[in-house]
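Single-letter residue listing:
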Amino acid sequence: MLNAMLALFVVGLVLGLLLAVAGEIFAVKVDERLEKLMEMLPGYNCGSCGYPGCSGMAEALINKDTDTLNCRPCKPDKRQEIVEYINSTPGPDGETITIKSI
Ligand code: SF4
């Protein structure tokens, strides 16, 4: 009985260590700018920017599919704040993106 418990403990420990190592090796870097952009955009999900909601606009900017913040419901000062944030904040690769506002 004690041997079985010890064997299960060792197997659990080895598998746990393997999972921890795999988690480090295969970790995906998340671009934190995306979450921040979602907080800054109005969240109306109106689609007038040409993307399916604010998340689509945010992803297009981060993925360099567009270089223009085309959010008409966004107030001008907020648009400028978003542009300055994106232009000055590097992504996970250490590079910044240059965008402009409508
Ligand atoms: S226009 Fe602005 S508020 Fe409307 S979906 Fe696009 S980003 Fe969101």
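A short tour of the structure in this document, coming up. No experiment lies behind these values; they were computed from the predicted model shown.

**Examining the environment of isoleucine 25**
Okay, so step 1: Structurally, isoleucine 25 can be placed in helix α1 (residues 2-25).
Okay, so step 2: Residue classification places isoleucine 25 among the exposed residues on the basis of a relative accessible area of 58%.
Okay, so step 3: In the structure, isoleucine 25 is positioned 16 residues away from leucine 41 in sequence and 33 Å away in space, judged by C-alpha atoms.

**Section: empty space enclosed by the protein**
Okay, so step 1: Across all of its chains, the model carries one cavity of 30 Å³ or more by this definition.
Okay, so step 2: In this model, the largest cavity occupies a volume close to 90 Å³.
Okay, so step 3: Forming the boundary of the largest cavity are 16 residues, of which Asn45, Cys46, Cys49, Cys54 and Cys71 lie nearest the centre.

**Some words on the site of the ligand**
Okay, so step 1: All residues in the neighbourhood of the ligand are listed as Pro42, Tyr44, Asn45, Cys46, Gly47, Ser48, Cys49, Gly53, Cys54, Met57, Cys71 and Pro73.
Okay, so step 2: For the shell around the ligand, a count of residues per class yields eight nonpolar, four polar and no charged.

**Some details on the environment of glycine 47**
Okay, so step 1: You can see glycine 47 is positioned in the loop between α2 (32-40) and α3 (54-62).
Okay, so step 2: We classify glycine 47 as partly exposed; its relative accessible area is 32%.
Okay, so step 3: Counting along the chain gives 16 residues from glycine 47 to aspartate 31, while the straight-line C-alpha distance between them is 23 Å.

**Topic: the side chain of arginine 79**
Okay, so step 1: Turning to its location among the elements, arginine 79 is positioned in helix α4 (residues 76-88).
Okay, so step 2: Among buried Asp, Glu, Lys and Arg side chains, arginine 79 stands out as unpaired, with aspartate 77 the closest opposite charge at 8.3 Å.

**A short note on the pattern of salt bridges**
Okay, so step 1: Under the criterion given, the structure shown has three salt bridges.
Okay, so step 2: Arginine 33 is the salt-bridge partner of aspartate 31, the closest N and O atoms lying 2.6 Å from each other.
Okay, so step 3: Judged by its relative accessible area of 14%, aspartate 31 falls in the buried class.
Okay, so step 4: Between lysine 78 and glutamate 81 there is a salt bridge; the shortest N-O distance is 3.6 Å. With lysine 78 and glutamate 81 both in helix α4, this residue pair falls three residues apart, about one helical turn.
Okay, so step 5: Note on lysine 78: relative accessible area 27%, which makes it partly exposed.
Okay, so step 6: We classify glutamate 81 as partly exposed; its relative accessible area is 38%.

Cut-offs and rules
- Residues numbered from 1 in each chain as written.
- Predicted model: local features only at pLDDT ≥ 70, side-chain atom pairs only at ≥ 80, totals over all residues.
- Heavy atoms only, no water.
- Helix = DSSP H or I, 4+ residues; strand = E, 2+ residues; numbered from the N terminus.
- Buried < 20%, exposed > 50% of the residue type's maximum accessible area, 1.4 Å probe, protein only.
- 1 Å grid on protein atoms, 1.4 Å probe; cavity = no way out; pocket = protein on both sides within 12 Å on 5 of 7 lines; lining within 4 Å.
- Points joined across faces, edges and corners; volume = space filled by probe spheres on them.
- Near = heavy atom within 4 Å.
- Nonpolar A, V, L, I, M, F, W, Y, C, P; charged D, E, K, R; others polar.
- Lys, Arg positive; Asp, Glu negative; His and termini not counted.
- Salt bridge = Lys/Arg side-chain N within 4 Å of Asp/Glu carboxyl O.

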